[in-house]
Amino acid sequence: MDVQKSQKKIKPTSNVVQISSKRDAGFYVFLCKLFLMDFPEIELHGLGDAINTGVKVSETLTRFGYTAIKKIQTTTLGSETSETNDKDHTREAKKGKKAKLIVTLTKSGNFNKLIQNFKIEGK
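What counts, and where the lines are drawn
- Residues numbered from 1 in each chain as written.
- Predicted model: local features only at pLDDT ≥ 70, side-chain atom pairs only at ≥ 80, totals over all residues.
- Heavy atoms only, no water.
- Salt bridge = Lys/Arg side-chain N within 4 Å of Asp/Glu carboxyl O.
- Helix = DSSP H or I, 4+ residues; strand = E, 2+ residues; numbered from the N terminus.
- Buried < 20%, exposed > 50% of the residue type's maximum accessible area, 1.4 Å probe, protein only.
- Pairing = 2+ DSSP bridges.
- Axes fitted to C-alpha atoms, helices over the stretch in contact; angles between N-to-C directions.
- Contact = heavy atoms within 4.5 Å.

Student: What is the right way to look at the pattern of salt bridges in this model?
Tutor: For side chains bearing opposite charge, pairing can occur when the charged atoms are close. In the structure shown here, the tally under the stated rule is 3 salt bridges. Linking D38 and K11 is a salt bridge whose minimum nitrogen-to-oxygen distance equals 3.5 Å. With D38 in helix α1 (residues 25–38) and K11 in the segment before β1 (16–19), the pair connects residues that are 27 residues apart, well separated along the chain. With a relative accessible area of 33%, D38 lands in the partly exposed category. Given a relative accessible area of 64%, K11 falls into the exposed group. For the salt bridge of K70 with E41, the shortest nitrogen-to-oxygen distance reads 3.0 Å.

In structure tokens:
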């Protein structure tokens, strides 16, 4: 029984990479390299626990010479309130605030040379 996986080609439509804490940093380093083939600048967005992964990805790409860090932004999102009714008592339930990290990375000058080695290893 030969079951072949169909491989999807990743063709990004925007330069924003949404980082999740459910995947490891290596996956996002690979994904960012693919995005950098199409865009001269990418943004990594990490929310909450994904901030650690976003920092690892941007630091790894910069350390190995693929990118340079252009800008780092942090914001706090949330603080939504909603009313709940608990046995004729109305109270406000607060949702917690979440931190968000946005790292803007630009392609380095030697990206094309490095990515050729990346393509050869992938074969």
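Student: What should I look at first to understand the sheet that holds strand β2 (residues 41–47) in this one?
Tutor: By way of backbone hydrogen bonds, the strands of a sheet pair with one another, either parallel or antiparallel. Spatial ordering of the open sheet is given by β1-β2-β6-β3, a layout of 4 strands whose pairing is mixed. Each end of this open sheet is capped by a strand with a single partner; those strands are β1 and β3 (67–77). Ignoring strand direction, the axes of neighbouring strands in this sheet form an average angle of 20 degrees. With 4 bridges joining them, β1 and β2 adopt parallel strand pairing. Bridging from a neighbouring strand, V16 pairs with E43 of β2. Contacting β1, β2, β3 and β6 (98–107), α1 runs over the sheet at an angle of about 170 degrees to β1.

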